[in-house]
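Spelled out, the chains give:
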Amino acid sequence: MNPLPLDELNRLPADLFAAHFAGVLEHSPHYAAQVAGGRPYASAEDLAAAFAHAARLGTPDERVALIRAHPDLAGKAALAGDLTPESAQEQASAGLDRLSPDEYAEFQALNDAYHRTFGLPYVVCVREHDKASIFEGARRRLRHTPEQEVEAALHEIGRIARLRALDLIAPPLSPAPEAPMVKVRLGENNYGKADVRLFKVFRDQPRHEIKDVQVRVAVQGDFGAAHTQGDNEGLVATDTMRNTVYALARDGLTSSVEAFGKHLIAHLVSTGPRVTGARVSFVEHTWDRMLSRGERHDHAFVRQMPKHTATVSGDGQTFTVESGLDELYILKTTQSGWAGFHRDQFTTLPDTTDRILATTVTARWTYRTPDADYDAVWAEVYQTLLDVFPDHYSHSMQHTLYRLGEAVLTRCDAIDRIFFSFPNRHHIHYPLERYGLENPGVIFHADAEPYGVIEGWVERA
């Protein structure tokens, strides 16, 4: 089928349009008639996308039928020469018509596994893959649930349909004049790997220790050519960064995540040809030993709160470290109030001198020295919050923020300044009087409505 220009396709009678695109969705020419009804299309990509969209509009049974209309890769239909021209050309593009006996046997095993597991063929847009990535994708997708595999197959069918449709649309004879490009320059930029889940077990003693960390890596450097010219020479793949985190953690994660961050940055700068600096962020989940039969167990743990957070940045020689904690939910049932505040025509909140004070603490702090015992400092900050939060009457969350900051800086000489964020988790006295019951300050509604947020730094004077 010869490609036709988009403007001509938009004007074709519906039956001729449907005939032109009949092979876009495998053995399912009726979809082309649906797409014909959506004309005119503004671009070739819009028309191609309409086929992928149409494939998802049917009933669940129709979507499964569309998947089953596709042939097995290097299957019986291919050997018998019964593939549609589109499928035959696509499978040939990935070399599936030139398989070794071992490769052919592996494809038959793959097809059999798919039919046993899902009752479906393995559908993949082979024009976007080679034999190795086709095998890898199949092994990964065999772990899907049936629902996940239907979604994955429909996604691949959409990719197949897009390429087939574009093959049938001729490029415009004279491209529309482009608007002159504005002058731009590349600003600050970085790239890296996020949500690297690292778990380490220290087995050198019978009493095990663990580290449970989410890691985010970002590198900075001379990356201009990659952005402006598409030149990737000298760029470290983010996949390599992920592998580096795991590999260096074996021997390099021996104490705090902050110290490991410095070790990781020094490696990234020294080995990345274009890397001049890096930033590594950590969210460490805290665990305590499980109390079992009155004893703290050697190798069984219970996750705790809060989380230990940290961000380390540097050029491999000098570093900036910021540590913190997050998701510490604290509450006291008395010794807190909110009174004497400004009132105007929109004020409805009454004064109170006895309320529940609750918040989820987020804190972060910077250091006065380039090196510190980061784990010891974090533990001291945590204990300080637990010691000081209940030790005073809180006239406001602001009052408690300042008092906590003052206590941390007094106890922790290594810290230069500390930031707190305190969302006010309101606990509202519930009016049981409407039911003829008294409520002497014992029943509250933990409110999910808009809440106050109190934030600030406390610094050394």
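A brief look at the structure comes next. In this text the structure is predicted, and so the values were computed from the model without any measurement.

1. Points about helix 15 (residues 397-411)
Next, step 1: With 15 residues, helix 15 should cover 21 Å at 1.5 Å per step; its first-to-last C-alpha distance of 21 Å lies within 8% of that length.
Next, step 2: Residues of helix 15 that are buried include every one of M397, T400, L401, L404, G405, A407, V408 and L409, and no others.
Next, step 3: Packed against the buried residues of helix 15 are strand 8 (357-367), helix 14 (374-388), strand 9 (415-423) and strand 12 (453-459).

2. A few points about the packing of helix 5 (residues 60-68) against helix 10 (residues 146-167)
Angle between the axes and distance between the axes are the two parameters that describe a pair of packed helices.
Next, step 1: Packing of helix 5 against helix 10 brings their axes to within 10 Å, and their N-to-C directions diverge by 60 degrees. Relative to helix 10, the element helix 5 lies oblique. Here the hand of the crossing between helix 5 and helix 10 comes out left-handed. Within the contact between the two elements, helix 5 uses R63, L66 and I67 and helix 10 uses V150, A153, L154 and I157.
Next, step 2: Broken down by class, the residue content of the contact of helix 5 with helix 10 amounts to six nonpolar, no polar and one charged.

3. Re a nonpolar patch on the surface
Next, step 1: Together, Y430, Y435, L437, V442 and I443 make up an exposed nonpolar region whose accessible area comes to about 480 Å².
Next, step 2: Take I443: it is sitting in the loop between strand 10 (427-429) and strand 11 (444-446).
Next, step 3: With relative accessibility at 39%, the residue I443 sits in the partly exposed group.

4. Thoughts on the side chain of T400
Next, step 1: Inspection of the secondary structure puts T400 in helix 15.
Next, step 2: Side chain to side chain, T400 and S394 meet in a polar contact 2.6 Å long.
Next, step 3: Other than its neighbours up to four places away in sequence, T400 contacts L357, F389, H392 and S394.

5. Comments concerning the pattern of salt bridges
Charged atoms that come close allow side chains of opposite charge to pair.
Next, step 1: Summed over the entire model, instances satisfying the criterion amount to 32 salt bridges.
Next, step 2: Notably, a salt bridge pairs R140 with E136, separated by 3.8 Å at the nearest N-O pair. Linking R140 with E136, this pair stays in helix 9 (residues 131-141), spanning four residues, or about one helical turn.
Next, step 3: The class of R140 is partly exposed, set by a relative accessible area of 40%.
Next, step 4: On the basis of relative accessible area, E136 is assigned to the partly exposed category, the value being 41%.
Next, step 5: Measuring nitrogen to oxygen at the nearest pair gives 3.7 Å for the salt bridge that ties K211 to D375. With K211 in strand 4 (residues 209-221) and D375 in helix 14, the pair connects residues that are 164 residues apart, well separated along the chain.
Next, step 6: When its relative accessible area of 9% is taken as the criterion, K211 is described as buried.
Next, step 7: The network of salt bridges with common partners includes E26, E90, R127, R164 and D167.

Conventions we followed
- Residues numbered from 1 in each chain as written.
- Predicted model: local features only at pLDDT ≥ 70, side-chain atom pairs only at ≥ 80, totals over all residues.
- Heavy atoms only, no water.
- Helix = DSSP H or I, 4+ residues; strand = E, 2+ residues; numbered from the N terminus.
- Expected span 1.5 Å × (residues − 1).
- Buried < 20%, exposed > 50% of the residue type's maximum accessible area, 1.4 Å probe, protein only.
- Contact = heavy atoms within 4.5 Å.
- Axes fitted to C-alpha atoms, helices over the stretch in contact; angles between N-to-C directions.
- Parallel < 35°, antiparallel > 145°, perpendicular 65-115°, else oblique.
- Left-handed = near helix turned anticlockwise from the far one by under 90°.
- Nonpolar A, V, L, I, M, F, W, Y, C, P; charged D, E, K, R; others polar.
- Patch = residues over 30% accessible without salt bridge, like charges linked within 9 Å, V, L, I, M, F, W, Y side chains within 5 Å.
- Areas by Shrake-Rupley, 256 points an atom, 1.4 Å probe, with all protein chains shown as cover.
- Salt bridge = Lys/Arg side-chain N within 4 Å of Asp/Glu carboxyl O.
- Polar contact = N/O pair within 3.5 Å; in protein donor to acceptor, adjacent residues only side chain to side chain.

Read these as geometric descriptors, not functional statements.
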